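# Coordinate inspection notes
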Amino acid sequence: MSTAPLPLARPHSRTETSAPWVWLAGRSVMLIALYYAVGLWGFVFTPDAYGIPLVWPATGVGLAFVYVYGYRLLPALGIAASLITWQFTSPMMPLPEALGSVVATLAGVALGTHGLRRFGFSARFERLRDVWLLLLIGGLAASGSAATAGAWGMAAGMESLRFSNTWWLCWMADLMGLMLVAPVLLTWLGAGLTRHAEQNHARAAALGFSLVAIAGLVYAGHLPTGIAMPLSYAVFPLVMLAAVRCPVHITTGLTMAAGAIALSGTGWGMGPFAEMGLEVSLLSLNAQLALLVLTALVLSAMRGEREAAEARARQHLDDLARAGRLSTLGELSAGLAHELNQPLCALASYAQASKRLLERGRMEELKDALAQLDASAHRAAETVRQMRAFAAGHSPEFSSIALPDLLRPVLDLLRPELRRGRVQMDVSVPNALPRIKAAPVQMEQVLVNLLRNAMEATEGRSDRQVRLSVQGEDTELRITVTDNGPGIPEHRLPALFDPFATWKSGGLGLGLSISRSLVEAHGGHLTARNREAGGAEFQFTLPVEDRDART
Ligand code: ADP
């Protein structure tokens, strides 16, 4: 039999901090030592009749090292395979066959590594295809080639062995060994280490302890076969639990530990499988272990696939939310024009007023007008900033604020228009009001929208009146804007807050829809109705920040 390690994918971006030759020497020594150790262990399972080990994990070791660290480990693998071949088969295997066996081992590992890389195998075992790839390519290329080399050498050395029988035994031994050690080495040396942060140490320790205890009990040879045999299956639920709940390198580690105990016990003639003679017993045990390893890998991979599907679904939802925001952004870019209109009009009228005041030399009033101009420019900039934050998915910053502090800049902003249109504005705000938690500029936008609509509704009247009143209640503030305009025709009321619903020439129909979204984002409600005395009434609520904190 041979011991061809299967080649794997390139090292998973492991950092080589030491000098390259030190790194290579270190990995080579590790490979040779481990290969030799499992080779020694494999010879425990050698029935006298054949001299062929029935479990040969060395191939799996070679494959894992070459896959993870690259083809540069092949020379070390050649040394390891030569050592083992020379030590254990030299009496019966002629030198050319022994050399041929080593070369075939190397070729099998190189071919297997190439195949795994070629087909995109990932040592994380997060997809079912990774399990099948390891089984197929490992089984066909590495184990197949290794078995051919081994069987050829053995058959040449011992007349009594038929090549086909020997090949079959070698292949089974290689494949079993590979399935036992390759997953654990692949996940520990390669992909697994990156997942250490997620692991639950207590759970892994409890599972590991239970597995070792059961395997120890079953294979220590103290229990009658009638009990030990069914008990040997108790490792299955534990390994399945590990596969579902633990990172894959923990699962492969636990599976290998259980397998190693089972094989060692049986090899030394203990446990329920030992009674049938080494060959039969090991083949039966191998079948059970192969099932165990496959169960662990398949479940881990299915879990990986489910997690990947969930991650994709989450990503999809994020994309949808973003797309939703961006399509809203389409509406909001129209809204932006709407919201910027007010500060820009104010800018223009304060600029004109400033010019007039400058011409007349009224410096004190000029200072005031320039301050308003400055405030309007800041408001425009803040509106743009908030739109950008909205598009990027940031939530607005809420702060604790007293309502009068919100009203002041709004009235300042509207003052030129009120004066120009001769609109009488009444404001009624009680002295002691609870504070609210709000994004100030958004609330100012709502107030400006409602007040401007009210002003526009009164256009054409000689006694234009707009009234803003605030009532403080225990849990919320109620802000009401009324006017003495014509009111809202009843049939328009149901669609009043829909985007782009407008009955004004040059209107955008966005002010009310944006205002309602903003109020609702603050946990309040915005409603509209007609007053009995005539005119419209818009009212919105805002939850108070803390009913004990009064302004
Ligand atoms: P816009 O003002 O651009 O039309 P809005 O969403 O702010 O968009 O308003 C939608 C419609 O609601 C207006 O076209 C108007 O017909 C009606 N409306 C809003 N406020 C009042 C009001 N105070 N009185 C009468 N109608 C109003």
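Just above sits the structure.
Residues numbered from 1 in each chain as written. Predicted model: local features only at pLDDT ≥ 70, side-chain atom pairs only at ≥ 80, totals over all residues. Heavy atoms only, no water.

## Considerations on the overall build of the protein chain
- Counting its regular elements, the protein chain contains 15 helices and seven strands.
- Across the 551 residues in the protein chain, those meeting the buried criterion constitute 49%.
- Accessible surface, the protein chain: about 25,400 Å² in total, of which carbon and sulfur atoms supply 61%. (Helix = DSSP H or I, 4+ residues; strand = E, 2+ residues; numbered from the N terminus. Buried < 20%, exposed > 50% of the residue type's maximum accessible area, 1.4 Å probe, protein only. Areas by Shrake-Rupley, 256 points an atom, 1.4 Å probe, with all protein chains shown as cover.)

## Section: the pairing of strand β4 (residues 465-472)
- Where strand β2 (residues 424-428) meets β4, five bridges bridge the pair, whose relative direction is parallel. Residue pairing across strands places Q424 opposite Q465, the latter belonging to β4.
- Strand direction decides the pairing type here: β4 and strand β5 (residues 476-483), joined by seven bridges, are antiparallel. Bridge assignment links R467 to a residue of β5, and that residue is T482. (Pairing = 2+ DSSP bridges.)

## Side note on helix α15 (residues 511-521)
- Every buried residue belonging to α15 is among G511, L512, S513, I514, S515, L518 and V519, and all of these are buried.
- One or two steps after α15, the chain reaches G523, where phi turns positive at roughly 85°.

## Examining the site of the ligand
- In the vicinity of the ligand there are 19 residues, among which N453, T502, W503, K504 and L512 approach most closely.
- One nitrogen or oxygen atom from the main chain of L512 is found 2.8 Å from an oxygen atom belonging to the ligand.
- Starting from 530 Å² of accessible surface for the ligand in isolation, the protein chains cover 93%.
- Breaking the shell around the ligand down by element, the ones donating at least two residues are α14 (440-457), α15 and β7 (536-543).
- Ranked by the residues each element gives to the shell around the ligand, the list is headed by α14, at three residues. (Near = heavy atom within 4 Å. Polar contact = N/O pair within 3.5 Å; in protein donor to acceptor, adjacent residues only side chain to side chain.)

## Some remarks on the packing of aromatic side chains
- Going through the model one piece at a time under the given rule, you end up with nine aromatic pairs.
- Here F121 and F125 contribute two aromatic rings whose centre-to-centre distance is 5.6 Å and whose plane-to-plane angle is 80°, an arrangement assigned as edge-to-face. Just as F121 is buried, F125 falls in that class too.
- In textbook terms, an aromatic cluster arises when at least three aromatic residues are bridged by ring pairs, as seen for W23, F65 and Y69.
- The ring of Y71 carries R117 above its face, with NZ or CZ at 4.8 Å from the centroid. (Phe/Tyr/Trp six-rings, centres within 6.5 Å; stacked < 30°, edge-to-face > 60°. Lys NZ or Arg CZ within 6 Å of the ring centre and 35° of its normal.)

## Examining the packing of helix α7 (residues 201-219) against helix α8 (residues 225-232)
- Direction vectors running N to C along α7 and α8 enclose 150°, while the axes themselves pass 9 Å from each other. Considering the angle they form, α7 stands roughly antiparallel to α8. Crossing of α7 over α8 shows left-handed handedness. Contacts between α7 and α8 involve I214, L217, V218 and Y219 on the former and, on the latter, A228, L231 and S232.
- For the contact of α7 with α8, a count of residues per class yields six nonpolar, one polar and no charged. (Axes fitted to C-alpha atoms, helices over the stretch in contact; angles between N-to-C directions. Parallel < 35°, antiparallel > 145°, perpendicular 65-115°, else oblique. Left-handed = near helix turned anticlockwise from the far one by under 90°. Contact = heavy atoms within 4.5 Å. Nonpolar A, V, L, I, M, F, W, Y, C, P; charged D, E, K, R; others polar.)

## Some remarks on the packing of helix α13 (residues 403-421) against α14
- With their axes 9 Å apart at the nearest point, α13 and α14 run at an angle of 35° to one another. Here α13 runs over α14; the crossing is right-handed. On the side of α13, the interface is formed by L406, L407, P409, V410, L413, L414, E417 and L418, while α14 contributes P440, M443, E444, L447, V448, L451, R452 and M455.
- Residue composition of the contact of α13 with α14, by class: 13 nonpolar, no polar and three charged.

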